[in-house]
Amino acid sequence: MFDIHDSSLRLQPAKPSHYKLSPVVQPQWRLPDLWHRAADDELEALRQRLCESYGVRHCLLLDRARSGLYLLCRAFGLDDEWILTSVMHRPSAIVLSNHASRLAFADVNEDMTIDPASVERLLTDRTCAILATHTYGRAADIIALRKLADKHGLALIENAVHMAGKSQVQGRTLGSWGDASIVSFNVDKPLGGILGGALLTNRDDIWRAVNTQQLGGPNTKEMRERIRTSFTAYRLKPLMLRLPAGRQHRGTADGLAEIESVGISIYERYTPRDIHPRQARVALSCMDREERSVVHRTSNAERLNGQLTHDDRYGLPQSTLERPHTYTYYPLLVRKGQRLELGEHLANAGIESKWRLAPLHTQTGFTEVRRDDLTRSEKLWSQHLLLPAGPSITSAQIDYLAKTLLSWKG
């Protein structure tokens, strides 16, 4: 029986006192990006680049990806039941819970993406949309989901916040398989910028509905705060944790409590906003580096997989032609032993690890949501641990990470 109150599930692994590798989240934006002018009209340049990268005709730039979900509910009228996975970002699910009539949670596949068979079991006359999240950069089973949506006359929305651009399945770019998709430029996403997002679509009716909505002005204060916090929380983290004031943050923390601090009613009144021009400027600069970053992350993941493939304690992320992985995160499944114990072993070796996306149905505000059997979601979430394999990690560091994992006695 899954018990969310089990401390081994609630607690994040301790942070290293010293770092042999970069942290799990590796921002791609750089300070010069704030002043580097990439085009005369940077907003239009970013729209064009995103349309090209994700294979769509229309792009609405927004303050964040979840604003796109709000507009799909309120402006386009997808306001009845949405089917999504319980292993999802809490704030985005809160937007849907406040502006769609109800939610239903489907189970996940072994790679933590939504299971089409589970979706089909949940369908009712009230279902209006399927939200397909490309979790951690692994493509959902988009072919099966597209067929299912077409068969039942449903909207398929791609949550592509973890999926880098230009990734294709059967010659069609991920981000264009859905009736609409959302992307993010936040620091922990593929572009690794300073917040901002977009709603993408090839459907003219969706475009007309969302493009005519009046948006709030850019939030300059929030943008400036994100610059400060993302720089200190990620780039300066190894240094700050070694200072006396940072030592209190090294130990294990209740990660679920941190997630639930985002209140269920926070988005009852929601105002989607325009993106700030400086966020667009940074996103453009990050897009110049995106393809190289994907190549580097993929190479690191493949190198690590090659060294761990015979260790049956671990389940490894995989990439296939019909289900590509861009490895925005490297999720290791700890099949044998406790992931918290492994996290401590890694921390002692100077390696950060963490978990994310605690199942929504275990969280305040979502426990009564209609759902399929979520046994697999619970099991896989309790096993997964995210490891550093980003573009700043070298081959030698990947070898050190593999050696540390193989030496664990769990």
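Anything mentioned here points back to the structure above.
Fair warning: this is a prediction, and the values are worked out from it, not measured in the lab.

Asks: What exactly am I supposed to notice about the overall build of the chain here?
Replies: Counting its regular elements, the chain contains 14 helices and 15 strands. Against the compact-globule benchmark of 22 Å for 410 residues, the chain has a radius of gyration of 20 Å, which places it among compact chains. The principal-axis extent of the C-alpha atoms belonging to the chain is close to 55 × 50 × 40 Å. Split into buried and exposed, the 410 residues of the chain put 59% on the buried side. Expressed as a percentage of contacts within the chain between residues at least 6 apart in sequence, the contacts between residues at least 24 apart total 77%. Of the roughly 17,000 Å² of accessible surface on the chain, a fraction of 47% belongs to carbon and sulfur atoms.

Asks: Which parts of the structure should I look at to understand the packing of aromatic side chains?
Replies: Aromatic ring pairs are reported here in terms of the distance separating the ring centres and the angle at which the planes meet. According to the stated counting rule, one finds six aromatic pairs in the structure shown. Look at Phe-105 and Phe-366: their rings are 6.3 Å apart centre to centre, the planes differ by 50 degrees, and that puts the pair in the tilted class. Of this pair, Phe-105 sits in strand β4 (residues 102-106) while Phe-366 sits in the loop between α12 (339-348) and β14 (370-371), and the two are 261 residues apart along the sequence. Its relative accessible area of 0% is what places Phe-105 among the buried residues. The interplanar angle of 20 degrees and the centroid separation of 6.4 Å between the aromatic rings of Tyr-314 and Trp-408 together place this pair among those described as stacked. Here Tyr-314 is found in strand β12 (residues 314-315), whereas its partner Trp-408 is found in the segment after α14 (395-407), with 94 residues between them in sequence.

Asks: Looking at this structure, I do not really get the sheet that holds β12. What am I missing?
Replies: Whenever strands of a sheet pair, they do so through backbone hydrogen bonds, lying parallel or antiparallel. Taken in spatial order, the three strands make up an open sheet running β12-β13-β15, and their pairing is antiparallel. Both outer strands of the open sheet, β12 and β15 (384-387), are each paired with one neighbouring strand and no more. Here β12 pairs with strand β13 (residues 330-334) via two bridges, running antiparallel. Along β13, the bridge assignment pairs Gly-315 with Leu-333. Each of β13 and β15 is contacted by helix α13 (residues 375-383), which is oriented at about 40 degrees to β15, the strand it contacts most.

Asks: Just checking my understanding: could you explain helix α3 (residues 65-74) for this structure?
Replies: One turn of the α-helix equals 3.6 residues, which is why residues spaced by three or four share an orientation. The buried fraction of α3 amounts to nine of the 10 residues, a majority that puts the element mostly inside the structure. Listing the buried residues of α3 in full gives Ala-65, Arg-66, Ser-67, Gly-68, Leu-69, Tyr-70, Leu-71, Leu-72 and Cys-73.

Asks: What am I meant to see in the side chain of Ser-181 here?
Replies: As for its position among the elements, Ser-181 is in strand β9 (residues 180-184). With a relative accessible area of 0%, Ser-181 lands in the buried category. For Ser-181, the side chain forms a polar contact with the main-chain oxygen of Gly-175, separated by 2.9 Å. Setting aside chain neighbours within four positions, we find Ser-181 in contact with Glu-158, Gly-175, Ala-198, Leu-199 and Leu-200.

Rules used in this analysis
Residues numbered from 1 in each chain as written. Predicted model: local features only at pLDDT ≥ 70, side-chain atom pairs only at ≥ 80, totals over all residues. Heavy atoms only, no water. Helix = DSSP H or I, 4+ residues; strand = E, 2+ residues; numbered from the N terminus. Rg over C-alpha atoms; globule rule 2.2 N^0.38 Å. Buried < 20%, exposed > 50% of the residue type's maximum accessible area, 1.4 Å probe, protein only. Contact = heavy atoms within 4.5 Å. Areas by Shrake-Rupley, 256 points an atom, 1.4 Å probe, with all protein chains shown as cover. Phe/Tyr/Trp six-rings, centres within 6.5 Å; stacked < 30°, edge-to-face > 60°. Pairing = 2+ DSSP bridges. Axes fitted to C-alpha atoms, helices over the stretch in contact; angles between N-to-C directions. Polar contact = N/O pair within 3.5 Å; in protein donor to acceptor, adjacent residues only side chain to side chain.

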